[in-house]
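Below are the chains, spelled out letter by letter.
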Amino acid sequence: MVERGPLNMRDYPTSHSAVASPPFFSDQPSSGFSSYMTTFWLDAFGRLDHKCKSSTIGGVGGDTNTKCKYRISEGYLDGHSDKGLFKKKVPIVNYEDIKPHIERIANGEPSRIISAQPITELLTSSGTSGGQPKLMPSTAEDLDRKTFFYNLLIPVMNKYVDGLDQGKGMYLLFIKPEISTPSGLMARPVLTSYYKSSNFRNRPFNPFNVYTSPDETILFFASAFLRAIKFLEDHWRELCSNIRTGCVSDWITDPSCRNAVSSFLCKPQPDLADFIEFECNGESWEGIIKKLWPRTKYIEVIVTGSMAQYIPTLEFYSGGLPLVSTMYASSECYYGINLKPLSKPSDVSYTLLPNMAYFEFLPVQKNNGKLTVQKIISPCFCHLFSGLYRYRTGDILMVTGFYNNAPQFRFVQRRNVVLSIDTDKTNEEDLLKAVTQAKLLLEPYGFLLTEYTSYADTSSIPGHYVLFWELKTRGNNDLSEPDHTIMEQCCSTVEESLDSVYRRCRRRDNSIGPLEIRIVKPGTFDALMDFCVSQGSSVNQYKTPRCIKSKEAIKILDSRVVGKVFSKKVPFWEPFKMETK
Ligand code: AMP
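Residues numbered from 1 in each chain as written. Predicted model: local features only at pLDDT ≥ 70, side-chain atom pairs only at ≥ 80, totals over all residues. Heavy atoms only, no water.

S.K.: Explanation requested: the sheet that holds strand 18 (residues 447-457) in the structure shown.
M.R.: Strand pairing in a sheet relies on backbone hydrogen bonds, with the paired strands running either antiparallel or parallel. The four strands lie next to each other as 18-19-20-21, forming an open sheet whose pairing is mixed. Looking along the sheet, the strands with just one partner apiece sit at the ends: strand 18 and strand 21 (561-566). Between one strand axis and the next, the sheet turns through 25° on average, direction left out of account. Here strand 19 (residues 464-473) pairs with strand 20 (residues 516-520) via five bridges, running parallel. Paired with L467 across the two strands is I517, which belongs to strand 20. Across the face of the sheet, helix 13 (residues 484-497) comes into contact with strand 19, strand 20 and strand 21 while running at roughly 60° to strand 21. (Pairing = 2+ DSSP bridges. Helix = DSSP H or I, 4+ residues; strand = E, 2+ residues; numbered from the N terminus. Axes fitted to C-alpha atoms, helices over the stretch in contact; angles between N-to-C directions. Contact = heavy atoms within 4.5 Å.)

Structure, rendered in structure tokens:
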């Protein structure tokens, strides 16, 4: 299996060397958001102009017959390189706008209908369109840019963590099967693409990047990392037995994987097996990573955005190791790098890499149309080299500062992830905050919330929010469940923490029923992930959906429910009052 993953435990003695500032960042000072908008566009504009001309040539076959707004047809800039003209002439598009073009390319039409460069593959994102994964065009040059991006991570880490050139990093990397399209172009997740590429496979030796595992046996988000720990929890006895005997289990049948692992297990190692058995058989798995790999320096795992909810569980297993979110990336484009990798997860800002794409930001409206954090929260638009011009990415970012002239931002959320019964609109961030408040009630009793999702149950009138919670106890073999009264308090706390519109609907309008928490059996969210993967998601790009719409997925969760609790209290709400001066 291969795909770069969440686990990068570096296990080295010391020696320090400094990283050079990335050469492409301009060192001109910047004075704020609006200056960024201007400067950044101007910096990039020479290339943008060139690209647009290329697209003009390539776009002769552009679609003029469909209603699709997205059309790179001849001469839309007419040789001009004016930013305003570009924005005027080129529409902002969503995936649905370009989907027909991408499908035409997948069906064998030439790349030039959207891109000046040959499209070399289609990347399948975790987002879906009409139930199918979205397909993002990519080019050979894109792959080179990603390689550059990965190479940049090493000097950045080296600046903050000593001794990375002595020892090994343990990476859990997954690949997913590819789909061949009628055109012969492969469709696959972005990480599968990278880890199967010759850029990765033929990488030159680099002492800073020595992996514990061979490529043949080759995760990303925190959820996938924790899944790997769970796998170890379930299979450590077998692992010890393999190490003790020096033989790989029979069920591992993939020949190259068997050969590669056999080369490690060349002889019985009873002492190592005893050591692992002793640690894994302990009373609790708290700090297990440090116990098994005592010289680990950090864990590379994305814990920003919705992944933040995994931090307590990761801290539980890691025994306080730094959790490093190195990058912000997507199938469409790799956007930003974390230049202060040891900062606390809540403080992580990513620095935009201007060579990856052309970026454009728009302010977001929040709170009934009022711009609460004017100019700093923005959904991102980017212009990629592979045909996604003025493509709306759907993420919401908060600008936090600048690295020279490159903007830095915090990942806030994915747009439009909402639970809604009446006029309430709960997004992913609101839900995370409310759940974070409620789960605090469980911690004194030794319970950790390991996973959650939700759905709006409208089968009853009024409808109500349902949360599925998977819990874990601090002790190893303790299968007890929290007290009913505490769970009722958790329901009420979630409700109290949701926004004013939700609470108004609950209290004044009675248009939303009491919130329900359904506790599910351990392993339920693995079953959900298996289901999503079977529907086309990539394991290492998989993120637990925070709101479930698929009936099949709800069925999977419902069939594993071990307890249901409803909120007993109506949350507090009072009409908005204007303060009089
Ligand atoms: P995919 O195209 O399936 O790889 O998903 C990309 C999406 O994952 C992005 O648009 C973000 O919503 C999310 N994502 C990627 N990197 C991060 C990060 N560092 N922190 C939070 N969310 C992220």
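S.K.: So what exactly am I meant to see when it comes to the packing of helix 12 (residues 428-439) against helix 13 here?
M.R.: Geometrically, a packed helix pair is captured by the angle between its two axes and the distance between the axes. Running from N to C, helix 12 and helix 13 cross one another at 145°; their axes reach a closest spacing of 8 Å. Along this stretch, helix 12 crosses helix 13, giving a crossing that reads as right-handed. Between helix 12, through A434, Q437 and A438, and helix 13, the contact on the second element is made entirely by C490, T493, V494 and S497. A per-class count over the contact of helix 12 with helix 13 returns four nonpolar, three polar and no charged. (Left-handed = near helix turned anticlockwise from the far one by under 90°. Nonpolar A, V, L, I, M, F, W, Y, C, P; charged D, E, K, R; others polar.)

S.K.: Sorry, what's going on with the pairing of strand 14 (residues 391-403) here?
M.R.: Residues in a regular strand point their side chains to alternate faces of the sheet. Pairing analysis gives eight bridges linking strand 14 to strand 15 (residues 406-414), with the strands arranged antiparallel. Residue D395 lies in a different strand from strand 15, and its bridge partner there is R414. The turn joining strand 14 and strand 15, which pair antiparallel and follow one another in sequence, is formed by two residues; a positive phi near 50° is taken by N404.

S.K.: For this particular structure, what's the right way to read helix 3 (residues 95-106)?
M.R.: The complete set of buried residues in helix 3 reads Y95, D97, I98, H101, I102, I105 and A106. One side of helix 3 carries all its buried residues, which in axial view fall inside an arc of 155°. In the stretch just after helix 3, G108 is the one whose phi turns positive, near 110°. (Buried < 20%, exposed > 50% of the residue type's maximum accessible area, 1.4 Å probe, protein only. Arc of directions from axis to C-beta.)

S.K.: Would you mind showing me how to read the pattern of salt bridges here?
M.R.: Pairs can form between side chains of opposite charge whenever their charged atoms are close. Enumeration according to the criterion identifies 20 salt bridges in this entry. A salt bridge links R244 to D274; the nearest nitrogen and oxygen atoms lie 2.8 Å apart. Here R244, found in helix 7 (residues 222-245), pairs with D274, found in helix 9 (residues 270-280); they are 30 residues apart in sequence, far enough to count as distant. Residue class for R244 comes out partly exposed when judged on its relative accessible area of 30%. Two residues, R474 and E286, come together in a salt bridge whose shortest N-O distance is 3.7 Å. (Salt bridge = Lys/Arg side-chain N within 4 Å of Asp/Glu carboxyl O.)

S.K.: I keep staring at the environment of I105 and nothing clicks. Help me out?
M.R.: By the secondary structure assignment, I105 is in helix 3. Here the alpha-carbon distance between I105 and P137, two residues 32 residues apart in the chain, equals 9.0 Å. Not counting residues within four places of it along the chain, the set of residues in contact with I105 comprises P110, S111, I113, I114, I119, S183 and L185.

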